[in-house]
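Here is what each chain is made of, one letter per residue.
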Amino acid sequence: MLKKISDIHIKIQKNQALKKLVLASASDEHSIDAVFHAYKKNIIIPVLVGNETEIKQICISNKYDFENIEIIHANDKQEAVKISVEMVRNGKADILMKGNVSSSILLKGVLNKEYGLKTEQLLSHFAIAELKNYHKLIGITDVAMNIAPDINEKSNIVSNAVKFLNKIGYKKPKVAVIAAVETVNEKMQATVDAAILSKMADRKQIPNCIIDGPLAFDNAMSKESAVHKGIDSDVAGDADILLMPNIEAGNVLYKSLTYTGAKIAAILLGASAPIVLTSRSDSEETKLNSIILAAL
Ligand code: COD
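Definitions and limits used
- Residues numbered from 1 in each chain as written.
- Predicted model: local features only at pLDDT ≥ 70, side-chain atom pairs only at ≥ 80, totals over all residues.
- Heavy atoms only, no water.
- Helix = DSSP H or I, 4+ residues; strand = E, 2+ residues; numbered from the N terminus.
- Rg over C-alpha atoms; globule rule 2.2 N^0.38 Å.
- Buried < 20%, exposed > 50% of the residue type's maximum accessible area, 1.4 Å probe, protein only.
- Contact = heavy atoms within 4.5 Å.
- Areas by Shrake-Rupley, 256 points an atom, 1.4 Å probe, with all protein chains shown as cover.
- Lys, Arg positive; Asp, Glu negative; His and termini not counted.
- Charge placed at Lys NZ, Arg CZ, Asp CG, Glu CD.
- Arc of directions from axis to C-beta.
- Near = heavy atom within 4 Å.
- Polar contact = N/O pair within 3.5 Å; in protein donor to acceptor, adjacent residues only side chain to side chain.
- Phe/Tyr/Trp six-rings, centres within 6.5 Å; stacked < 30°, edge-to-face > 60°.

K.L.:
How should I be thinking about the overall build of the protein chain in this particular structure?
P.N.:
Counting its secondary structure elements, the protein chain contains eleven helices and eleven strands. Taking 19 Å as the expected radius of gyration for a compact globule of 296 residues, we find that the protein chain reaches 19 Å, a close match to that expectation. Expressed along its principal axes, the backbone C-alpha trace of the protein chain runs to roughly 60 × 40 × 30 Å. Put simply, the protein chain has 296 residues, and 54% of those count as buried. Taking the intrachain contacts of the protein chain between residues at least 6 apart in sequence as the baseline, contacts between residues at least 24 apart amount to 69%. In the form shown here, the protein chain has an accessible surface area of approximately 13,600 Å², with 49% of it arising from carbon and sulfur atoms. Counting 36 positive and 34 negative side-chain charges, the protein chain places the centres of these two groups 4 Å from one another.

K.L.:
I tried to follow helix 5 (residues 103-111) on my own but got confused; where do I start?
P.N.:
An α-helical segment advances 3.6 residues per turn. Residues three or four places apart therefore align on the same side. All of the buried residues along helix 5 are Leu106, Leu107, Gly109 and Val110. The buried residues of helix 5 occupy one face: seen down the axis, they fall within an arc of 155 degrees. Lining the buried residues of helix 5 we find strand 1 (19-24), helix 4 (77-89), strand 4 (95-98), strand 10 (263-269) and strand 11 (275-276).

K.L.:
Can you help me understand the site of the ligand in this one?
P.N.:
The local shell around the ligand holds 15 residues, among which Lys118, Leu123, Ala144, Met145 and Asn146 are the closest. Here a nitrogen atom of the ligand and a backbone polar atom of Met145 are 3.0 Å apart. Protein contacts shield 61% of the accessible area of the ligand, which totals 880 Å² for the unbound molecule. Every element with two or more residues in the shell around the ligand is listed here: helix 5 and helix 10 (247-258).

K.L.:
I tried to follow the packing of aromatic side chains on my own but got confused; where do I start?
P.N.:
Aromatic ring pairs are reported here in terms of the distance separating the ring centres and the angle at which the planes meet. By the definition in use, this model includes three aromatic pairs. Consider the rings of Phe36 and Tyr64, whose centres lie 4.5 Å apart with planes at 5 degrees: the pair is stacked. With Phe36 in helix 2 (residues 29-40) and Tyr64 in the loop between helix 3 (52-61) and strand 3 (70-73), this pair connects stretches of sequence that are 28 residues apart. As far as the burial class goes, Phe36 and Tyr64 line up, both buried.

K.L.:
Looking at this structure, how should I read the side chain of Thr278?
P.N.:
Mapped onto the elements, Thr278 comes out in the loop between strand 11 and helix 11 (284-295). Discounting chain neighbours no more than four positions away, the residues touching Thr278 are Lys98, Ala266, Thr286, Lys287 and Ser290.

Okay, structure coming up:
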């Protein structure tokens with residue numbers, strides 16, 4: 001069980017071969033900062049793709065030695081995404097990272113049938129956060145890719161998150177399916193979906209995890225709050241993953257946490273390679289944490 005974002009840093013130091021990371025549309029100071037920090041920590045070797053003049057200017061003004069760094073010029077953001085995605089697809093890089101480009105342009109490149117990184121799995125976004133008042137890291141999904149997932153997509157989003165946590169050592173992560181209330185109300189689809197997902201986990205249709213829901217955010221995060229409402233649940237107050245009902249709820253939660261002091265890392269799961277997909281406004285620290293999570 002990981003308690004702090006720094007636990008991810010420790011984990012990576014133990015078992016890591018150097019990965020090549022390609023930064024798509026690299027003319028972004030926070031992203032370049034994060035990439036150079038990860039480079040100095042011996043976690044990745046960067047390739048910077050985008051407007052060469054702008055990239056070099058950022059490196060010079062931040063005193064980064066780019067002499068040995070591969071910089072590939074692209075005429076615009078779409079071209080930068082295409083070059084970067086193709087590099088990963090062709091095995092010339094291990095990790096794709098979003099730079100100064102919108103999520104939807106990057107994701108369209110990732111989903112491109114000819115040169116993209118699509119697999120048979122659904123792609124989904126997974127963030128992991130260290131909060132002041134919670135006893136361990138909490139995963140949050142999907143806050144940035146799937147807009148209004150149906151029950152099938154929600155089940156795939158949970159599976160992606162569970163498989164990832166299984167891979168890094170969690171045997172049976174606890175998943176709280178978030179809704180506005182903790183009882184099933186047929187007028188609130190999120191509560192109906194939550195009940196179905198819980199039963200799917202009971203029947204091992206979604207294996208290697210414990211799922212409970214619907215749970216409101218308060219009883220997912222606080223045992224006391226759950227007990228107060230008479231909810232008897234192994235997940236309440238001890239969740240490892242929050243499955244959010246849709247992108248709006250997820251994104252608002254993600255940004256509320258980011259802007260009120262949470263430490264966060266975020267990646268895209270389900271593609272043929274890990275993808276660092278942070279918000280352009282995220283801090284250099286969040287981007288560095290996300291690179292480390294992707295490399296892990
Ligand atoms: N996983 C796998 N395949 C997918 C996924 C997915 N999550 N989403 C779409 N596809 C496939 C479809 O099956 C289809 O074959 C092809 O991709 C195109 O599907 P469309 O037409 O639904 O895709 P687009 O290009 O219109 O939209 C896909 C986006 C990911 C761009 C879209 O869902 C989107 O804009 N998501 C939100 C991104 C965003 O703005 N985030 C902001 C928060 S930072």
